[in-house]
Structures are given as structure tokens and as C-alpha cells.
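Overview (structure and organization)
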Amino acid sequence: MPCVGDWLNSPLSIVQGIFAQNVPNSDWEKKVTEYFKEKLKENNATNWVPSLNDVPVHYLKPNSLVKFRCMIQDMFDPEFYMGVYETVDPNTNARVLHFGKYRDVAECGPQQEIDLNSSQTVTLERQTFYCVPVPGESAWVKEAYISASQARVSPSTSYTPSRHKRSYEEDEDMDLHPSKQKEQHMGSGGDIHGCVEPKRLETEASAGHHVISPNCSPPLDLNFPLPGEKGPACLVKVYENWENFKVNDVLEVFGVLSVDPVLSIVNSEERDSSTLDPMECMDTAEEQRVHSPPASLVPRIHVILAQKLQHINPLLPACLNEEESKTFVSNFMSELSPVRAELLGFLTHALLGDSLAAEYLILHLISTVYARRDVLPLGKFAVNLSGCPLNSAFTEHLYRIIQQLVPASYHLRMSIESMNHSRFIPHKDYTANRLVSGLLQLASNTSLVIDETQLQQGQLDTAGVHNVTALGNLITWQKVDYDFNYHRMEFPCNINVLITSEGRSLLPSDCQVHLQPQIIPPNMEEYMSSLLTAVLPSVLNKFRIYLSLLRLLDYSISDEVTKAVEEDFVEMRKNDPERVTADDLHKMLLVARFLSLSAGQTTLSRERWLRAKQLEALRKARLQQQQCVNGNEL
């Protein structure tokens, strides 16, 4: 067996050792998973694994263990691979068994050939996910993950383009030609120098959506949902339990990094050969380009372990059910009250001295869809903050503050042009056989801030109408209907939507709060910037833990309190039957729920119910007052 340190740098040698010891026993795959699971449980071991989110691909050693925090943007069709295969030496007739798992290209030693007719060959299936970094992930999240990392990587210890080029020239006769025999779809010939250009370009892959891909005239679209996103896209190859994952899930995967230049050669030769003989390949050239991009631009990760993430806040334990995590939670909950008070004061200043609006903003930021009853999402709390100043870029500055508090967010500036020309809804491209992303393909618990204050009069075209409808469906039903050309498919989501507007928003919301500024700063940018610089980093981190943690807490209402609430509501209906509706009860229960959680209470008390009623009365009175002033409905 290899030495202990090899599990990070040479995980395939560990797999080889376990495979050799356990063949023909089929348990070897399970033992591989258990081995790495135990290794990663050791003291902070996960921090020693380099992350593709933090480290450029060219700094990483091929076939080393890496991790990736990502969202599943698309799922490709399953692919077949040789799980076990046998090589034979034509001279001595010596036979050796190999494993094909965690590899893109089957390997064999010098003077060996793969026996495709061997009875030992086992064909298996794996699933490929196209994964992108979490859309809208905040800068503070990335920085916290980077600072926690203890991975040791540097350009001097990893491969470089020139070294790769040399090694493949030297080993061409030894390694490349057997590869052609075992990979039946490889064409003849092949210029190995083609692997140099992707190395130069891979550092540019993070600059945006489009990357120039070798051997392809059009640029390679990395298919990020949001504009201006940075980071690698990866083809994540999953071997077990892939049915547990779905599009838009956020994962952390640990696996073997594959950036073999041979893949780029194979793909370019496939394209060349398919133009000569269309009957040899059923895939279109566009599909091949999208599904098999150069590995230097879109690396492959062969997953050993994968887990769905409850959240992406690096300040919280990854899993709150473990014993150590429970201690962390109980310690934080003991000091919750002062944290809430400080956060309320901070947001009151951000909202220009309006403490009622700050209360509702806290409730909004900790809201989450906790269940669905038929088509109705329970727990959503979209807030329309009306009365926002128009000419001070107020929403822009408010968004920057929210961005400093939540792990993922996006600022959508509503204008006639953006509505008519942006792609909100993901759609299926059948030519390339992929899901083309849209702005609304977001991870769960992303904060979406929609700015209506800059919206001018104009004409919405068909695309604009569809986009506005999609926003309305997202807010009301917490779903996005992806466009599959011949039909639409519902994808449920869990997005916190905050709408800022001058009057009442043209979009639906669960709660309208009219802003009443107590101060109008002469310089809005200076005022908002000073707010952030005045907060200590340690206090800011407490705000971040507070907002993420409270979303994850369970909540219940006792039978006794339920009965008291029902009686109270009946009394309210008697006193004002015209204006108190069932919708008001639902809203007050929501406010009471989030008020309780914001105070660290997981059950509803009589005091919190009365406080919720008081907040709602103040909010409604403010709206009525504004209506009287303006003479029309807000």
C-alpha cells in the first residue's frame, strides 16, 4: 500500500492498492469510499484538499484529490465506461486486471494492449453533471473559504504547459497509441501539440462566460446563469446514488481531478472524423463541443464523495446535526439577543432611520420555504419596500449592504431594455443537447434584490412579457417554468425576493412596507460606505451567522397557542369584518413565525403573537397614511 500522504496527491494509487487486494471481490469500490470518508473525517482534513473554487487549475497536479463547491447547472446523459478491463502483453501473453473507475482514459503499461474481448471486462455506467460555482456567491464567502484552506499548491510543484508538452512528446509512442486502441472512438494521427494552447487559455476561463476554445471557431460558453461570474465550470462524473441529486442542487464534491490533454486530442479528432463520415457518430458537432470541451478549460472531477450542502456559509458548521455543531449552535443562541439588537440598529441606519422597515427586513432575510402544500410554498416572504428615494442610488447601496450579510445574492435592475433583452428562463437547446442557463437559475436561499426605481415608461415585447411573468411566478409560487420548446417544466425554487420601488410594485409580493426615511444624507454613497466601515469584522460575522442559522431552525406552534390565535382572529373579524381577511391571518402567522425565530424561539408564544399583530398594524397604518397623502392606492 502507498504511504499515508498519497491519498491527497495520488488517490488513484490508493484505489489501485485497494483494487489489487480485493479483486475479484466486488466490495473494493465500497472500501475505496470508506477509506476516503475516514481520511476526510480526520482533524480538519477537508481543509487540506485543494479547492477548484480557490486554486487555478494549472496550479493543481493532475489526478490529485480536489474538492469543488458548486451548483448542478445541467445533467448530461449517462455514459458507459470500462469499470474493469484486462490488458495483455502480446510477447509474453501476461495478463493484468485494471480498474477504469475515476478515469477518463483507460491506461495500460508499455508493450500492453487492452483485450476488448476478455471475459473479465465489466462495463458500468456513470452520470455526468455540468457544474458551475454557486451563482451570486458573495465575496466574503469566497474569502472565508480561502482563508480556512490549508492546501499547499504552487506553480512550481504542479505541471506547466511546457512540461506537459514535453512529457507527451516523449511518451507518445508508449502511451498515446495504446490509448487509441482502447478508446475505439479515437481517430488516427493527432497533433499532441494541441494540448499546449488550452494550458495558456485556462487562466482566462475565469474571466467570464465565453472562452476561446482550441479547434473551435465559436467561443466556448461556460453557461453561467449570471453575467460577470468567475470561476471554473466542471464536468462532475458521479458513480453512485446520482438519482439523489437534481438540477440546481448545491454540492461539495471530493474527487480525482482529470485534465488529461489526451481528452482534447480525442475530442478534436472526433469532430474531424465526424465531418468525414457522419454515420460514425450520432452526436452533432455542437453537442460534442458542449459535452466534451477541452479539459484545460472545463476540467473533469471523478467523484469519490459528494454531499448536498444545507448552506454555503463558511462561518457555520457544514452539518448542524453533528454533536460538535450542536455545541456551536447552543453557544451562539445564548448570545442571540444582543446580536439581533445590533443587527436591527445596523439595518435601521441602512434604511435611513426607519426601524419598522428594518424589522421587516430582518424577517425577510431569515425567511425560507419550509414546506409545500399542494402548489402553495409555505414560508416565503417577498417584501416590497416602497417609497425608496429615486435619485440617490439608494437600492444600489442597500444591495451592497445585503451582499455583505448573505452568502449568495443578485441585484436585478429592472428596465424596459433589461426585461426585453435578458434571458431569465433557462431553455433546452436540442442541437447541443444542453440546458442553456438563465438569470432565474439560482441556488436555494439566494437573495434576489429587484430594483424598480429606475423603471421608465416603454413597451415590453414578447420576451419582456415572458420575463415579467416569470418573475411573478417566482415570487408567488416559488417556481420557474424552464422552456423545453415543446413543453414547460416546473422547477421549484427557494429565492428570497426583495423589491424596491417608488410606489407599489408592479410585481406581486407578500408584504409591502413603505419606507419613511428619518434622515436624508447629503451624500448617500459616503453615508452607506461609512456604515460598513464602522462595523467590526467580528460583529459582521455574527450578523452573517445569525441570518444563516435562523433559516435552518425548526419551528412549531403548540395546540394551546393555536387555539388562542384562532380565538383572537375570530374577535378581530367581529370588530372589523370588512378589512380583516384570511390573508391577514396568514400574513400575521408568517410575521409571528419569523419574529419568534429572530429571537431564537422555535415555538410561538403569546407575546410574539401580540408583537406580530402590533407590527402589522403599524405597517398597515403607514400604508393608509401614504394612500391619503397621494390620493391613490400604493
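Residues numbered from 1 in each chain as written. Predicted model: local features only at pLDDT ≥ 70, side-chain atom pairs only at ≥ 80, totals over all residues. Heavy atoms only, no water.

An unreviewed UniProt entry annotates the chain as Mini-chromosome maintenance complex-binding protein of Malurus cyaneus samueli. Under the Subcellular location (unreviewed entry) heading, UniProt states for the chain: "Nucleus". For the record of the chain, the UniProt heading Sequence similarities (unreviewed entry) holds the text "Belongs to the MCMBP family." (UniProt positions renumbered as here; feature names shortened; annotations may be inferred.)

Before going further, it helps to spend a moment on unusual backbone geometry. At Asn248, a residue that is not glycine, the phi angle is positive and equals roughly 80°. Position of Asn248 among the secondary structure elements: in the loop between β8 (234-238) and β9 (250-258). Taking relative accessible area as the criterion, Asn248 reaches 12% and is therefore assigned buried. Backbone geometry at Asn485 places phi at a positive 65°, although glycine is not the residue there. Looking at where Asn485 falls in the secondary structure, it is placed in the loop between β18 (479-483) and β19 (488-492). On the basis of relative accessibility, which here comes to 47%, the residue Asn485 falls in the partly exposed class. (Helix = DSSP H or I, 4+ residues; strand = E, 2+ residues; numbered from the N terminus. Buried < 20%, exposed > 50% of the residue type's maximum accessible area, 1.4 Å probe, protein only.)

The buried count for strand β17 (residues 447-451) comes to five of five residues, which makes it a mostly enclosed element. Along β17, one buried face is formed by Ser447, Val449 and Asp451 and the opposite face, lined by Leu448 and Ile450, is buried too. Summarising the sheet, β17 and strand β20 (residues 496-500) pair through five bridges and their orientation is parallel. Bridge pairing in β20 links Ile450 to Ile499. (Pairing = 2+ DSSP bridges.)

Attention now goes to the sheet that holds strand β13 (residues 383-386). Pairing is parallel in the open sheet, where five strands are placed in the order β14-β17-β20-β13-β21. Of all the strands in the sheet, just β14 (409-413) and β21 (511-514) have a single pairing partner and so form its edges. Taken over all neighbouring pairs, the strand axes of this sheet differ in orientation by 20° on average, direction set aside. Across the face of the sheet, helix α12 (residues 355-365) comes into contact with β13, β17, β20 and β21 while running at roughly 150° to β20. (Axes fitted to C-alpha atoms, helices over the stretch in contact; angles between N-to-C directions. Contact = heavy atoms within 4.5 Å.)

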